[in-house]
Amino acid sequence: MSVKYKFGMVECRTSCPRCANPMLINGPVKKILCRYCQSEIILPEGLIYNLVESFFERKDKKGWRNFSLMTKGYALTISINNEYPVCGRCRQQFPVLEMDPDNIPSEITCAGCNEATPVHRAPESIRHVLKHNVDIIIGGQFDEPDGLPEKPAIEGVVLNCPMCGSGMKIDGIERIVPCKFCDSKVYLPDDLWLRLHPVKKVMPWYLGYYKNQPGKPV
Ligand SMILES: [Zn+2]
Ligand SMILES: [Zn+2]
Ligand SMILES: [Zn+2]
């Protein structure tokens, strides 16, 4: 039985509790790797629920709304829009999505540019919010890869060992790199590390929800 989903967009920024630099909540994640101080930040339980609840409390037909929310010790800056998901690459809107909740696809492909956007089952913690069944999340980030070492944005960087001057190859995955020649352990400086791991852009994520049980008339 297929269901016609409703959608809403969420974008959320906050700041890192360790270093106060900007931090993005680009999906219903449990943890975030701060790009500035490299701390792995575990978000407090209930924070994502409160964020999704604020969407349902404030969404209206007019479209974009921006607001702040203080919750669980975090100051969130939130943008929401009562809109259908669009392709993150070319901004083309996806066609009206009717899906079988028991059989959701793992991605949708944009008819305009062929880019695939991931579709995830919403985490259990936000499945039922204010009478809405939040069933799927389209786009954004979903738990991992944040918190895991990521492929660096640029490769083949060479640094001179500050102890012996030998060339060191940096793979961008390990922040502490041993020098092959003098055995020093070199901690990569912030500017180089940020170049290898650029600060992420804010990414919209879309809640796909329905009010009634699947199959029941609306
Ligand atoms: Zn930080
Ligand atoms: Zn596209
Ligand atoms: Zn060395």
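None of these values were measured; they are calculated from a predicted model.

Turning our attention to the overall build of the protein chain. Each helix and strand in the protein chain was counted, giving two helices and 17 strands. Along the three orthogonal principal directions, the C-alpha set of the protein chain runs to about 75 × 40 × 30 Å. Expressed as a percentage of its 218 residues, the buried residues of the protein chain come to 24%. Considering only contacts in the protein chain between residues 6 or more positions apart, those separated by 24 or more positions represent 53%.

Moving on, we get to the domain arrangement of the protein chain. Its domain assignment divides the protein chain into domain 1 (3-148 + 199-210) and domain 2 (157-196). Between the C-alpha centres of domain 1 and domain 2 the distance comes to 36 Å.

We now examine the nonpolar core. Residues Val10, Ile32, Val52, Val134, Ile137, Tyr206 and Leu207 are the most contacted members of the largest nonpolar core, which totals 31 residues. Taken together, the elements giving at least two residues each to this core come down to β2 (6-15), β3 (22-24), β4 (31-33), α1 (47-58), β12 (132-139) and β17 (205-210). Broken down by element, this core gets its largest block of residues, five residues, from α1. Ignoring any residue separated from it by four or fewer positions in sequence, one finds Val134 in contact with Val52, Ala122, Ile126, Arg127, Val129, Leu207 and Tyr209.

A word on α1. Every α-helical turn comprises 3.6 residues, leaving residues that sit three or four positions apart pointing alike. Here α1 is 12 residues long and its end C-alpha atoms lie 17 Å apart, about the 16 Å a rise of 1.5 Å per residue gives. For α1, the complete set of buried residues consists of Leu47, Ile48, Leu51, Val52, Ser54 and Phe55. For α1, the angular spread of the buried residues around the axis is 150°, confining them to a single face. Those residues of α1 that are buried are in contact with β2, β6 (65-71), β7 (74-81), β11 (128-129), β12 and β17.

Moving on, we get to the confidence of the model for the protein chain. Note: predicted coordinates in regions of low pLDDT should not be interpreted at a detailed level. Scored by pLDDT, the protein chain has a mean of 86; 90% of the residues are at 70 or more. Overall, residues 144-148 carries pLDDT values under 50, and its contacts beyond four positions in sequence, including any with other chains, amount to nine contacts. A low-confidence stretch, residues 214-218 stays under pLDDT 50, and its non-local contacts, those more than four residues away or across chains, total six contacts.

Moving on to unusual backbone geometry. You will see that Leu130, though not glycine, has its phi angle at about 50°, which is positive. Exposure remark for Leu130: the 11 C-beta atoms within 10 Å place this residue in the exposed category. Phi is positive for Lys131, which is not a glycine, with a value near 70°. Among the structural elements, Lys131 can be located in the loop between β11 and β12.

Topologically, Pro178 is positioned in strand β15 (residues 176-178). Owing to 13 C-beta atoms within 10 Å, Pro178 belongs among the partly exposed residues under this scheme. In the structure, Pro178 is positioned 94 residues away from Tyr84 in sequence and 49 Å away in space, judged by C-alpha atoms.

Another point: the pairing of β7. Where β2 lies against β7, five bridges are found, and the strand directions are antiparallel. Residue Val10 lies in a different strand from β7, and its bridge partner there is Ile80. Bridge count for β6 against β7 is seven bridges, and the pairing is antiparallel. The residue of β7 that forms the bridge with Leu69 is Leu76.

Thresholds applied
- Residues numbered from 1 in each chain as written.
- Chains lettered and ligands numbered in written order.
- Predicted model: local features only at pLDDT ≥ 70, side-chain atom pairs only at ≥ 80, totals over all residues.
- Helix = DSSP H or I, 4+ residues; strand = E, 2+ residues; numbered from the N terminus.
- Buried ≥ 20, exposed ≤ 12 C-beta atoms within 10 Å, placed from the backbone.
- Contact = placed C-beta atoms within 7 Å.
- Domains from an automatic or database assignment.
- Core = buried A, V, L, I, M, F, W, Y, C linked by C-beta atoms within 7 Å.
- Expected span 1.5 Å × (residues − 1).
- Arc of directions from axis to C-beta.
- pLDDT = per-residue confidence, 0-100.
- Pairing = 2+ DSSP bridges.

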